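Residue-level structure breakdown
What follows is each chain in one-letter form.
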2 protein chains.
Amino acid sequence: MSEANDATDQPTSEKLVELAKRRGYFFQSSGAYGGVGGFYTFGPQGASLKGNVEDAWRDRFAVAEGNMEIDAPTIMPEPVFEASGHLEGFDDMLIECPECGESSRADHVVEDNTEYEDAESLPIPEVEEVIAEYELVCPACGAGLAGQAVETFNLMFDTNIGPGDSQPGYLRPETAQGIFVEFPRLKEYARNQLPFGVTQIGRAYRNEISPRRSIIRTREFTQAELEYFVDPEEDEPPLERVEDVEVRLYPVSEQNDEDGAEIETTIGAAVEEGIIGDAWVAYFLGIAKPWYEAVGVDMDRFRFRQHLSGERAHYAADCWDAESEIDGNWIEMAGFANRTDYDLSKHEEYSEDRFTVFKQYDEPKTVERATVDPDMSFLGPEFGGAAQDVVAELEALAERDRSAFEGDSVEIELEGETHELPVEKTGFSVDEETIAGEHVTPHVIEPSFGVDRVVYTVLHHAYSEDEVDGEERTYLELDPEVAPTFVGVFPLQSDDELEAVANDVVDDLREAGLSITYDDSGNIGRRYRRQDEVGTPFCVTIDYETVEAEETTVTVRERDSTDQKRLSVDDLAETLAAIRNGDREFEAL
Amino acid sequence: MSEANDATDQPTSEKLVELAKRRGYFFQSSGAYGGVGGFYTFGPQGASLKGNVEDAWRDRFAVAEGNMEIDAPTIMPEPVFEASGHLEGFDDMLIECPECGESSRADHVVEDNTEYEDAESLPIPEVEEVIAEYELVCPACGAGLAGQAVETFNLMFDTNIGPGDSQPGYLRPETAQGIFVEFPRLKEYARNQLPFGVTQIGRAYRNEISPRRSIIRTREFTQAELEYFVDPEEDEPPLERVEDVEVRLYPVSEQNDEDGAEIETTIGAAVEEGIIGDAWVAYFLGIAKPWYEAVGVDMDRFRFRQHLSGERAHYAADCWDAESEIDGNWIEMAGFANRTDYDLSKHEEYSEDRFTVFKQYDEPKTVERATVDPDMSFLGPEFGGAAQDVVAELEALAERDRSAFEGDSVEIELEGETHELPVEKTGFSVDEETIAGEHVTPHVIEPSFGVDRVVYTVLHHAYSEDEVDGEERTYLELDPEVAPTFVGVFPLQSDDELEAVANDVVDDLREAGLSITYDDSGNIGRRYRRQDEVGTPFCVTIDYETVEAEETTVTVRERDSTDQKRLSVDDLAETLAAIRNGDREFEAL
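Here the structure is a predicted model, which means the values were calculated and not measured.

Okay, the overall build of chain A next. On a plain count of helices and strands, chain A comes out with 19 helices and 28 strands. Its C-alpha atoms give chain A a radius of gyration of 31 Å, clearly above 25 Å, the size a compact globule of 589 residues would have. When its C-alpha atoms are laid out on the principal axes, chain A stretches across 115 × 65 × 60 Å. For chain A, restricting intrachain contacts to residue pairs at least 6 apart in sequence, the fraction spanning at least 24 positions comes to 66%. Accessible area for chain A stands at about 26,200 Å²; split by element, carbon and sulfur atoms hold 39% of it. Counting 47 positive and 135 negative side-chain charges, chain A places the centres of these two groups 6 Å from one another.

Note that soluble globular proteins tend to have their nonpolar side chains buried in a common cluster. Membership of the largest hydrophobic core comes to 66 residues, with the highest contact counts inside it found for Y25(A), W291(A), Y292(A), F304(A), F336(A) and F449(A). Ranked by residue count, the leading element in this core is helix 11 (residues 279-295) of chain A, at 11 residues. For F449(A), the residues in contact, after removing those within four places along its chain, are W57(A), F61(A), T222(A), Q223(A), A224(A), A288(A), W291(A), Y292(A), M333(A), A334(A) and F336(A). Counting 65 residues, the second largest nonpolar core, distinct from the first, contains V281(B), Y283(B), I287(B) and F304(B).

The interface of chain A with chain B comprises 69 residues on the first partner and 69 residues on the second. For the pair chain A and chain B, the summed buried area comes to about 5,400 Å², and 58% of that belongs to carbon and sulfur atoms. Inspection of the region where chain A meets chain B yields six salt bridges. For D519(A), the salt bridge identified is with R191(B), shortest N-O distance 3.0 Å. Linking chain A with chain B are 35 residue pairs in polar contact (both at pLDDT 80 or more), by the criterion used here. Among the residues forming the side of chain A that touches chain B, the class breakdown is 33 nonpolar, 17 polar and 19 charged.

Turning our attention to the sheet that holds strand 9 (residues 167-171) of chain A. Residue and element names in this part refer to chain A. Across the sheet, three strands lie side by side as 4-9-8; this open sheet has antiparallel pairing. Where the open sheet ends on each side, the last strands, each with one partner, are strand 4 (75-77) and strand 8 (158-161). On average, each strand axis in the sheet is tilted by 45° relative to the strand beside it, whichever way the strands run. As judged from the four bridges shared by strand 8 and strand 9, these two strands associate in the antiparallel manner. Residue pairing in the sheet places D158 in a bridge with Y170 of strand 9.

Glancing now at the relation of the copies chain A and chain B. The two copies are related by a screw operation: chain A maps onto chain B through 179° of rotation and 0.0 Å of translation along the axis, at an RMSD of 0.7 Å. Interpreted geometrically, this transformation is the action of a two-fold axis. In terms of proximity to the rotation axis, the leading residue of chain A is T159(A), whose C-alpha is 2.9 Å off the axis. A shared binding surface is used by both copies, with 99% of the interface residues of chain A retained as interface residues in chain B.

A surface patch of negative charge is lined by E240(A), E243(A), D244(A), E246(A), E272(A) and E273(A). Residue position: D244(A) is located in the loop between strand 11 (220-230) and strand 12 (246-250).

Our focus in this paragraph is the pattern of salt bridges. A side chain of one charge can pair with a side chain of the opposite charge when the charged atoms of the two come close. All names here are of chain A. Under the criterion given, the structure shown has 81 salt bridges over all chains. One salt bridge in this structure joins R339 and E174, with 3.7 Å as the shortest N-O distance. Of this pair, R339 sits in strand 16 (residues 329-340) while E174 sits in the loop between strand 9 and helix 7 (176-180), and the two are 165 residues apart along the sequence. A salt bridge links R301 to E325; the shortest N-O distance between them is 2.8 Å. Within this pair, whereas R301 is found in the loop between helix 11 and strand 14 (302-306), its partner E325 is found in strand 15 (residues 319-326), the two being separated by 24 residues in sequence. A cluster of three or more residues bridged by salt bridges with shared partners is formed by D92, R105, D107, E120, E208 and R217.

Another point: unusual backbone geometry. Residues and elements named next belong to chain A. P195 follows L194 through a cis peptide bond whose omega is -10°. By the element assignment, P195 lies in the loop between helix 8 (183-189) and strand 10 (196-205). Residue S30 is not a glycine yet carries a positive backbone phi of 55°. Mapped onto the secondary structure, S30 falls in the loop between strand 1 (26-28) and strand 2 (40-42). Phi angles above zero are rare outside glycine, and T340 is one such case at about 50°. Tracing the backbone shows T340 in strand 16. Look at T340 and you get buried, because its relative accessible area is 15%.

Residue and element names in this part refer to chain A. Counted according to the given criterion, the structure contains 64 aromatic pairs over all chains. Look at W57 and F449: their rings are 5.8 Å apart centre to centre, the planes differ by 70°, and that puts the pair in the edge-to-face class. Note that W57 is positioned in helix 2 (residues 44-63) and F449 in strand 21 (residues 443-450), a separation of 392 residues in sequence. Exposure class is identical for W57 and F449. Each is buried. Judged by centre distance (5.1 Å) and plane angle (45°), the ring pair of Y292 and F302 falls under tilted. One end of the pair, Y292, is in helix 11; the other, F302, is in strand 14, and 10 residues separate them in sequence.

Under the domain assignment used here, chain A contains domain 1 (12-83 + 157-341 + 445-452), domain 2 (91-154), domain 3 (361-440) and domain 4 (485-588). The gap between the C-alpha centroids of domain 1 of chain A and domain 4 of chain A is 37 Å.

What follows deals with the packing of helix 13 (residues 376-383) of chain A against helix 14 (residues 387-400) of chain A. All names here are of chain A. The geometry of helix 13 relative to helix 14 is characterised by a closest axis approach of 8 Å and an angle of 125° between their N-to-C directions. One way to sum up the angle between helix 13 and helix 14 is to call them oblique. Here helix 13 contributes M376, L379, G380 and F383 to the contact with helix 14, which in turn contributes A387, Q388, V390 and V391. A per-class count over the contact of helix 13 with helix 14 returns six nonpolar, two polar and no charged.

Two elements, strand 4 of chain A and strand 9 of chain A, share three bridges in a ladder whose sense is antiparallel. Within the sheet, the bridge partner assigned to P77(A) lies in strand 9 of chain A and is G169(A).

Residues of chain A with pLDDT of at least 70 account for 98%, and the chain-wide mean is 92. Below a pLDDT of 50 lies the segment residues 1-8 of chain A, which in the model reaches 23 contacts outside its immediate sequence neighbourhood of four places, other chains included.

Turning our attention to the sheet that holds strand 7 (residues 150-154) of chain B. All names here are of chain B. Strand order in the open sheet formed by three strands is 6-5-7, and the pairing between neighbours is antiparallel. Single-partner strands in this sheet number two, and they are strand 6 (103-105) and strand 7. Direction aside, the axes of adjacent strands within the sheet are offset by 45° on average. In terms of strand pairing, strand 5 (residues 91-96) meets strand 7 through five bridges, oriented antiparallel. Each residue of the ladder has a partner; that of M93, found in strand 7, is T152. Where helix 5 (residues 106-113) meets the sheet, it contacts strand 5, strand 6 and strand 7, and its direction lies at approximately 60° from that of strand 6. Relative to strand 7, helix 6 (residues 124-133) is tilted by about 130°, and along the sheet it contacts strand 5 and strand 7.

Residue and element names in this part refer to chain B. Relative to the assigned elements, C138 resides in the loop between helix 6 and strand 7. Assessed through its relative accessible area of 2%, C138 is described here as buried. Residues C138 and I95, spaced 43 residues apart in sequence, show a C-alpha to C-alpha distance of 9.0 Å. Residues contacting C138, with those up to four places away along its chain left out, are C97, C100, E102, A143 and L145.

Reading the values: the criteria
Residues numbered from 1 in each chain as written. Chains lettered and ligands numbered in written order. Predicted model: local features only at pLDDT ≥ 70, side-chain atom pairs only at ≥ 80, totals over all residues. Heavy atoms only, no water. Helix = DSSP H or I, 4+ residues; strand = E, 2+ residues; numbered from the N terminus. Rg over C-alpha atoms; globule rule 2.2 N^0.38 Å. Contact = heavy atoms within 4.5 Å. Areas by Shrake-Rupley, 256 points an atom, 1.4 Å probe, with all protein chains shown as cover. Lys, Arg positive; Asp, Glu negative; His and termini not counted. Charge placed at Lys NZ, Arg CZ, Asp CG, Glu CD. Core = buried A, V, L, I, M, F, W, Y, C linked by side-chain atoms within 4.5 Å. Buried < 20%, exposed > 50% of the residue type's maximum accessible area, 1.4 Å probe, protein only. Buried area = accessible area lost by both parts, 1.4 Å probe. Salt bridge = Lys/Arg side-chain N within 4 Å of Asp/Glu carboxyl O. Polar contact = N/O pair within 3.5 Å; in protein donor to acceptor, adjacent residues only side chain to side chain. Nonpolar A, V, L, I, M, F, W, Y, C, P; charged D, E, K, R; others polar. Pairing = 2+ DSSP bridges. Axes fitted to C-alpha atoms, helices over the stretch in contact; angles between N-to-C directions. Least-squares fit on C-alpha atoms with pLDDT ≥ 70 in both. Patch = residues over 30% accessible without salt bridge, like charges linked within 9 Å, V, L, I, M, F, W, Y side chains within 5 Å. Phe/Tyr/Trp six-rings, centres within 6.5 Å; stacked < 30°, edge-to-face > 60°. Domains from an automatic or database assignment. Parallel < 35°, antiparallel > 145°, perpendicular 65-115°, else oblique. pLDDT = per-residue confidence, 0-100.

Below is the structure:
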């Protein structure tokens, strides 16, 4: 994580976490039993907001792009993670305090207390040296950590599948593996045509050493991932669709420059100037930016940052993060990587199945092929038990360098020794062969979104305070696209006549597809404040004028301005639905 | 499970599983690594159908009923399951084959090979005896199991949370605990007003000894649960809303009667006649039945069956299952139980929090309260170290039976001995006290749905075969409510003009909110068959008549009848949307 933007005057995170608990957005789970670090429950409002974010993502990244969505198990067997590399390398650096026993992330201890910015990429002995040199201490109790061993800790939650001779299983650390491992079947659904994309929205798990910052770093979270499989030789993204999208970029070159700054540009220009190296990654950044804007991320507090070489997975050709600014810090909300053929090649290597696509040529191709057919009655006596190795060596050589067979004799290497053979005994020949196509291992472009972090950012950027009638007010300026409720409906008082009208209003608005909260308890001011804190864009109050005046009207109050207007009940649903869809504005009513 | 209905002529399960794999409904996960029993992946069609079922459930059981939906973690800490009883008692009976080492469920071995119907409720020694007596064998290899110990096997998947001195955690065996454990906060969101309901749709996990029948008994599955909290003294369900719903019931009395049969009745009559004992359970059965019908469960193959006393949890007041018939067997799709105050009382007992609701009286009540204030200068010398026990005994007696203090002396029991005390030394008095309300432990009514089993049943009941133009055809007669795609759109041939119109049609239909599949590959007959097997209700073909004739028309084909009509492109979207909403019929066009 790089340095933060200008810090805002006041950190709102603490106030947000308090509001989230009070109003049912999210809270630490199992509080009755003291809670467990890194596990959060989304309350009624939070589950609704999160569901809306997921739906918006599905609409954009699955439906609109014509990709397939799947739903795979969260528990997967060990061989999958042997292949993916998670079993061997999905580790964090752990240091345990000799005094209090608290486990901390050694790289965080270093980063938080030295000028090192990317301690995760340092080798363990170096981290141990830095801890000793700087005399770093336990963040929990302050005891010195010098001399304590730094150990690797695998972040996967493990379990056992089945009874008796059970087999080890792991909770997936990313939804992606559930897609990669089923590639042989998924390509059939795509009728073996590249490019195609597969999405999944679901739980992922990382046994974090020190979970922190509420739902930003949890041990159980929700990912929305797209794995887009392309032919690296042929497929090009439809960049023209996103070339004019304006983006703020923070490339490696600027991060490494002391006077470096974020660059305001367009996707098209960034690709042309080589700022974004990978056109497919650029395409998905171009789709992602307006999506984040639509769900309510503040574009003044949003950027794409390129991974430094130390952050990037060794196989990733290019990688960018979508970041949002939270109380002066930038947090990662999504990663966009070209993972090349790494994942599919690994599964091809470790499993019994084929992770390639057969690419048929437009026309069958005629190719020359060099083969050998050695005279075994010569090789046998000459090489004895090594004769088969000689055959293998000759076959490899024919494929590699047919010019070696151009003279009368050919040289091969066998266990460090050079042997010379007459070419006529090798049965070397070059034949023509017609081939219809070839097996291609697709490259994978992966936009990987953290849903909880989008939820957190949207709430944080929506968090607002002002003063109304001399009283402080807190409200969430949520976009209607994601707000749990669009309209709150209140009968002014407990009164049969008012409640009857209110119920009719609720029915009308529901029929128009608007999400409604009905609230008849507490004084009207308190009900407004409750909906303000939940982030409900509009409230409708049914009062005595509604039932007494000739024309049936209600009071409609707008959340952000607190302006109120009297509107006729007859076209209320239509008017509010038009506002919801962006076709009308409350101010102009 | 009781005996099956008339078996259908031909079991379709195997054919369905094959179709599900071929067309992307579901398949065993990690097939490239040989698969793991009990884990299935929903492909593109299956994920869509499952999502539609979940949305339909949410609309009915959360939104329409005004209940709150939450989203809690799947990993929970050990104390939760100590309280819930799962740690101690969530077991199956395991028997291991001495020859091949295969683990089997001992109760299933007994049920499958003897006349015992409910072996799960037998004590372990009796199961061992039955196995020996009947000389039962290993289902895998046929070796004798007599003499093998039957052991209990806890069905929860376990893991460890955090590094170092990690704490044990478990994957939740039901989503319900994520609701119960947060009751102290959820009741605040409900403003301490009973009744209120909380729903959750999410993963649950059971480490089944022998998972079987594809997605019917898996180790990881999706539940949709509603926990409805009621005041057992006061709250009554709005039975009038469902009293006319017709249901087929199979109560305990009929199951225990050799000539017993299912009863066709209404919810109202069943409650009146005491067939359904619990009115709240009856209410939810009345909501569930039309819901199952709407998502496509065949009502001729659907019933509610009451739990036999051996099946019912000891705390459950009444329990019914929703069952569907699959190839002659009845399978459980949902359970409806009155769990009384069991869960909340347990958490109240095991945790530090309060799992009650304070019920304010309409008017404060004045109650008489009998208290004692014993003269310790008398009790001390008289009883020595036991004096405090005497005080406790007197306090209890005053509360229990104030008439005991009416004479001059009062008798108490202490460690089996009777003692007589002068009443004047007890400080007995009766005072008036004003109380505003009382703490009530709500009872919980739980409709618990297995989403995967609904998906399976809907597919199985939709599976159809017929003959079209002399060729056998397979199709899924899915309801538009849940079908992954409503319309398939095909340009007849690869032709720019046809494809342009087809793209316009796709845009129009999408705008009308219909889900679309575009398919331009293969001959038109094959494309129809593909959509038939996926269960797409309608296909629209753009052919040369479309672009050549004066009026722009397309061919619309209906899945079940395979009837085709030419319709104008202009009102195509409107017409199909009307059919989708049930306002028009294809036949009548």
